[in-house]
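# Notes for the structure review
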Amino acid sequence: MINSNNTDYIYSANFDDGHNIVSPNNSASVPNSSPDEFSESDKSFMSHALALARLGMGWTSPNPMVGAVIVKNSQIIGEGYHHRCGMLHAEREAIADAKAKGNEPLLKGATMFVTLEPCCHTGRTPPCTEAVIEAGIGRVVVASADVDDRVAGNGIQALRNAGIQVDVGLFDDENRRLNSIFYFYKQHKRPYIVLKAAMTLDGKIATSEMDSSWISNEQSRSIVHELRGRLKAVAVGKNTVIYDKPRLNCRSDTPLLQNKPVDKIIFAEQNDVPTDSFASDGGRILFADRKKISSPDDFISFCMEHEIDSVLVEGGSGVYTWFLQNDLADRIILFYRPSFMGSDGLNVVGGLGVTKIHQLMNFHIHSVKQVGDNIMVD
């Protein structure tokens, strides 16, 4: 289910393939080239660059997934992708790959296919535009212009100023879908937030004794691990940690996502909850003290400070309620077990202060499907 207040973005895909969240509906900062300017071989090489970019899925946050291919005389002489934040960007890795293969003399006049506009600023790594220019690349084909304020067309202009031919827009939509979280994060200046809950048909997430293992089935839980692999952090409340003793890691069957670090946001003071159940997966444990984080702006600032571009909210009831009350749910994924718990169970959501029907928050239902004996509403 997609928040109907989010009008800048349109829903594009489900999580079954682990790829897409939302698809930006905005125009690029740089006009795209005419489709007629791209040959069939151009399309083939850019498709390969996109395949390379996908290899970074789940690992590059808050950076985008980017792939690059360098071609000379219709042959690939170097290729690479951005593996992880802080490591070489795709362009520099592709150039390094060409040199390692003894193809440095072939770089001059070669064509680079890259899925995102090369950066032109110094961050954790030097500007990629400098590396492209120094390598003597003659043409650069870019899938999408960047929306990062530090780039946003300036990288393309820097290449053109150096006499390099730059063509933009080949498989633009495909790249934007792949990097939908990145585009949302950069354009909205906040993380993309998904609420996930497993419940009975009458909306109960635990018994009166706080037992909730397992309401959902194994197939549903597998989908949740794909979510954890695709998103940067999970967020839970104090009671969820105390009663469920969760590991909060990614146990995906997808090879690319296995052992992917998951940041853990805990809505509690640091000394209030035990963390010994958490998996040691390299993810950070971040405490969001509700005394300090009491408003949506506080939470957004907290996430931006820690470079968290996406959050999977996994409960419990009080946490779900807070996110809904503050209109901080971009998407909701619900797993229903075909059972009833009755009034003794814990409601998925507490009081929202709704007294009139027109006060209800509306979500668009994208899909309803059966997952084993569960029903998934997205």
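Reference entry: report on the structure contained in this document. Remember, it's a predicted structure, so these values are computed and weren't measured experimentally. (Residues numbered from 1 in each chain as written. Predicted model: local features only at pLDDT ≥ 70, side-chain atom pairs only at ≥ 80, totals over all residues. Heavy atoms only, no water.)

### Considering the packing of helix H3 (residues 128-135) against helix H4 (residues 154-161)
Condition: Axis definition: a line fit to C-alpha positions, over the contact stretch in the case of helices; interaxial angles, taken between N-to-C directions, run 0 to 180 degrees. For the purposes of this entry, the term helix denotes a DSSP run of H or I that reaches at least four residues, the term strand denotes a run of E that reaches at least two, and both are numbered from the N terminus. Angle categories: roughly parallel below 35 degrees, roughly antiparallel above 145, roughly perpendicular from 65 to 115, and oblique for all the rest. For any pair of crossing helices, the crossing counts as left-handed if the nearer helix is rotated counterclockwise from the farther one by less than a right angle, and right-handed if it is rotated clockwise. Throughout, a residue-residue contact means that at least one pair of heavy atoms, one from each residue, lies within 4.5 Å.
Contact geometry of H3 with H4 gives a least axis separation of 10 Å together with a crossing angle of 20°. Of the possible angle classes, the one that applies to H3 and H4 is roughly parallel. Note that H3 runs across H4; the crossing there is right-handed. Of H4, the residues touching H3 (which contributes Thr129, Val132 and Ile133) are Gly155, Ala158 and Leu159.

### Observations concerning the pairing of strand E18 (residues 368-371)
Let me state the cut-off plainly: When DSSP finds two or more bridges between a pair of strands, those strands are recorded as paired.
In terms of strand pairing, E18 meets strand E19 (residues 374-377) through four bridges, oriented antiparallel. By the bridge assignment for E19, valine 371 is matched with asparagine 374. Two successive antiparallel strands, E18 and E19, enclose a turn made up of two residues, where glycine 372 displays a positive phi of approximately 60°.

### Side note on the layout of surface pockets
Formally: Site definitions follow a grid-based scheme: protein atoms alone, a 1 Å grid, a 1.4 Å probe that fits but cannot get out for cavities, and for pockets an open set with protein on both sides within 12 Å along at least five of seven lines, plus lining residues having an atom within 4 Å of a point. Grid points are joined across faces, edges and corners, and a volume is the space filled by probe spheres set on the points. Each residue gets one of three labels, nonpolar for Ala, Val, Leu, Ile, Met, Phe, Trp, Tyr, Cys and Pro, charged for Asp, Glu, Lys and Arg, and polar for the others, Gly among them.
What the largest pocket holds in volume is close to 810 Å³. Every element with two or more residues in the lining of the largest pocket is listed here: strand E9 (192-200), strand E10 (204-206), helix H7 (218-230), strand E11 (233-237), helix H8 (238-244) and helix H10 (317-325). Considered class by class, the residues forming the lining of the largest pocket number 17 nonpolar, twelve polar and ten charged. In this model, the second largest pocket occupies a volume close to 540 Å³. Mapped onto the lining of the second largest pocket, the elements with two or more residues apiece are helix H2 (90-100) and helix H6 (180-188). In terms of residue class, the lining of the second largest pocket is built from 15 nonpolar, seven polar and ten charged.

### Notes on the state of the cysteines
Disulfide: a covalent bond connecting the sulfur atoms of a pair of cysteines. Going by this rule: Two cysteine sulfurs form what is called a disulfide whenever their separation falls within 2.5 Å.
All chains considered together, the criterion is met by zero disulfides. The thiol of cysteine 85 is not disulfide-bonded; the next cysteine sulfur, from cysteine 119, is found 12 Å away. Unpaired in this structure, cysteine 119 has its nearest cysteine sulfur neighbour in cysteine 128, at a distance of 3.7 Å.

### Examining unusual backbone geometry
With an omega dihedral of -10°, the bond running from serine 213 to tryptophan 214 counts as a cis peptide bond. For the bond from glycine 315 to glycine 316, the omega torsion is 5°, close enough to zero to count as cis. Examined against the element boundaries, glycine 316 turns out to sit in the loop between strand E14 (310-313) and H10. Even without glycine at this site, lysine 189 takes up a positive phi of about 55°. When you line up the elements, lysine 189 lands in the loop between H6 and E9. Residue asparagine 259 is not a glycine yet carries a positive backbone phi of 70°. With respect to the secondary-structure elements, asparagine 259 resides in the loop between H8 and strand E12 (263-267).

### Section: the pairing of E11
The test is simple: Only protein chains enter the accessibility calculation, which uses a 1.4 Å probe; a residue whose area is less than 20% of its type maximum is buried, one above 50% is exposed, and one in between is partly exposed. With its strands directed away from the observer, a crossover is right-handed exactly when the path from the first strand over the helix to the second travels clockwise.
Most of E11 is tucked away, with five of its five residues classed as buried. Side chains Ala233, Ala235 and Gly237 project from E11 onto one buried face, and the interleaved Val234 and Val236 project onto a second face that is buried too. Pairing between E11 and E12: five bridges, direction parallel. When the bridges of E12 are listed, valine 236 appears paired with isoleucine 266. Once you follow E11 into H8 and on to E12, the crossover reads as right-handed. The pairing of E11 with E14 spans three bridges and is parallel. Opposite valine 234, over in E14, you have leucine 312 as the bridge partner.

### With respect to the sheet that holds strand E5 (residues 75-81)
Strand order in the open sheet formed by five strands is E5-E4-E6-E7-E8, with mixed pairing between adjacent strands. One side of each edge strand has no neighbouring strand; the edge strands of this open sheet are E5 and strand E8 (165-168). Across the sheet, the mean angle from the axis of one strand to that of its neighbour is 15°, orientation sign disregarded. In terms of strand pairing, strand E4 (residues 67-72) meets E5 through six bridges, oriented antiparallel. Residue pairing across strands places valine 71 opposite isoleucine 76, the latter belonging to E5. Contacts from H4 reach strand E7 (139-144) and E8 within the one sheet, and its direction differs from that of E8 by about 150°.

### A few points about the environment of glycine 350
Relative to the helices and strands, glycine 350 is located in the loop between strand E16 (346-347) and strand E17 (363-364). When the C-alpha atoms of glycine 350 and tryptophan 322 are compared, they prove to be 8.9 Å apart, with 28 residues separating the residues in sequence. In contact with glycine 350, not counting residues within four places along its chain, are Ser317 and Thr321.

### Concerning the pattern of salt bridges
What counts here: Here, a salt bridge means any Lys or Arg side-chain nitrogen found within 4 Å of an Asp or Glu carboxyl oxygen.
Enumeration over the complete set of coordinates arrives at 16 salt bridges. For glutamate 307, the salt bridge goes to arginine 124, with nearest N and O atoms at 2.4 Å. Taken together, the positions of glutamate 307 in the loop between helix H9 (296-305) and E14 and arginine 124 in the loop between strand E6 (111-116) and H3 put the pair 183 residues apart, joining distant regions of the chain. A relative accessible area of 52% places arginine 124 in the exposed class. Notably, a salt bridge pairs aspartate 378 with arginine 331, separated by 2.5 Å at the nearest N-O pair.

Any link to function would need more than the numbers given here.
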